[in-house]
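Breakdown of the fold
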Amino acid sequence: MWRSCVPVVVSSNPVTVTVAYHVVPGREADFHSWGWAMLGASAQQPGFLGGGVLVDREAEWHVVYRFASEGTARAWEDSAERAQWDVGTAGFARQAERRSVRGSKVWFDSQTIAPKAPAPPPKWKLWFINMSAVFPPVLLFNLLVIPYLGGLNPLVRTLLLCLCVTALVTWILMPRLQRFFKKWLYPPLQALRGRHKRRTA
């Protein structure tokens, strides 16, 4: 599946850079968002011609981008900004391979139908996930802990509640809920991957 960030311009000796990543299961949406954001930054560089995020297999994705010459491609590849984007994948993806190819016929197929990048989930879905993560710990804290903290200052009691609940939601409940509901939250992304599997089967 392919989608260009900008119209592709034909150059006499363009360079196409392909970077393969192993993506942590359940974090595909994070990688997808990161990939298109990184390509947006690439588009601001001199000589940028186009790019896209390509799904190859279940846990391997490619970010592909093209520059007008080897010099402009190398300038972006060796830049501090590009290195910072690589650091940003920590926790949800690991770079597996990077290669560059000269020529104008690599990776760009004019017959490929370009799907739109999946949009963020509707706010009501995010609200439902947040409520599902916050309500259980708040209820349990009020039933099991608050009765024993009646002598504390209300400010301290509320602070303890917030600290405990936000820690549980951030590190335990929310990641699990997002993985469990990922097909419901990001149906366009799941459909994109399904079409790719059917096409390559």
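Our subject is the structure that appears above.
Overview of the structure. (Residues numbered from 1 in each chain as written. Predicted model: local features only at pLDDT ≥ 70, side-chain atom pairs only at ≥ 80, totals over all residues. Heavy atoms only, no water.)

**Overview of the overall build of the protein chain**
Assigned secondary structure in the protein chain consists of seven helices and four strands. Considering the protein chain as a whole, with its 201 residues, one finds that 35% of them fall into the buried category. When contacts within the protein chain are restricted to residue pairs at least 6 apart in sequence, those whose partners lie at least 24 apart make up 78%. For the protein chain, the computed accessible surface area is about 11900 Å², with 63% contributed by carbon and sulfur atoms. (Helix = DSSP H or I, 4+ residues; strand = E, 2+ residues; numbered from the N terminus. Buried < 20%, exposed > 50% of the residue type's maximum accessible area, 1.4 Å probe, protein only. Contact = heavy atoms within 4.5 Å. Areas by Shrake-Rupley, 256 points an atom, 1.4 Å probe, with all protein chains shown as cover.)

**Structural notes on the nonpolar core**
Y21, F31, W34, V63 and Y65 are the most contacted members of the largest nonpolar core, which has 22 residues in total. Sorting the residues of this core by element identifies β1 (15-23), α1 (28-42), β2 (48-57), β3 (60-67) and α2 (70-77) as the ones contributing at least two each. In terms of residue count, the dominant contributor to this core is α1 (six residues). Counting residues in each nonpolar core, the second largest holds eleven residues, with A133, M174, L177 and F181 among its members. (Core = buried A, V, L, I, M, F, W, Y, C linked by side-chain atoms within 4.5 Å.)

**Section: the packing of α1 against helix α3 (residues 80-87)**
Between α1 and α3, whose axes approach to 11 Å, the crossing angle comes to 175°. What the angle tells us is that α1 and α3 run roughly antiparallel. In contact with W34, A37, M38 and A41 of α1, α3 contributes E81, R82, W85 and D86. Tallied by class, the residues present in the contact of α1 with α3 amount to five nonpolar, no polar and three charged. (Axes fitted to C-alpha atoms, helices over the stretch in contact; angles between N-to-C directions. Parallel < 35°, antiparallel > 145°, perpendicular 65-115°, else oblique. Nonpolar A, V, L, I, M, F, W, Y, C, P; charged D, E, K, R; others polar.)

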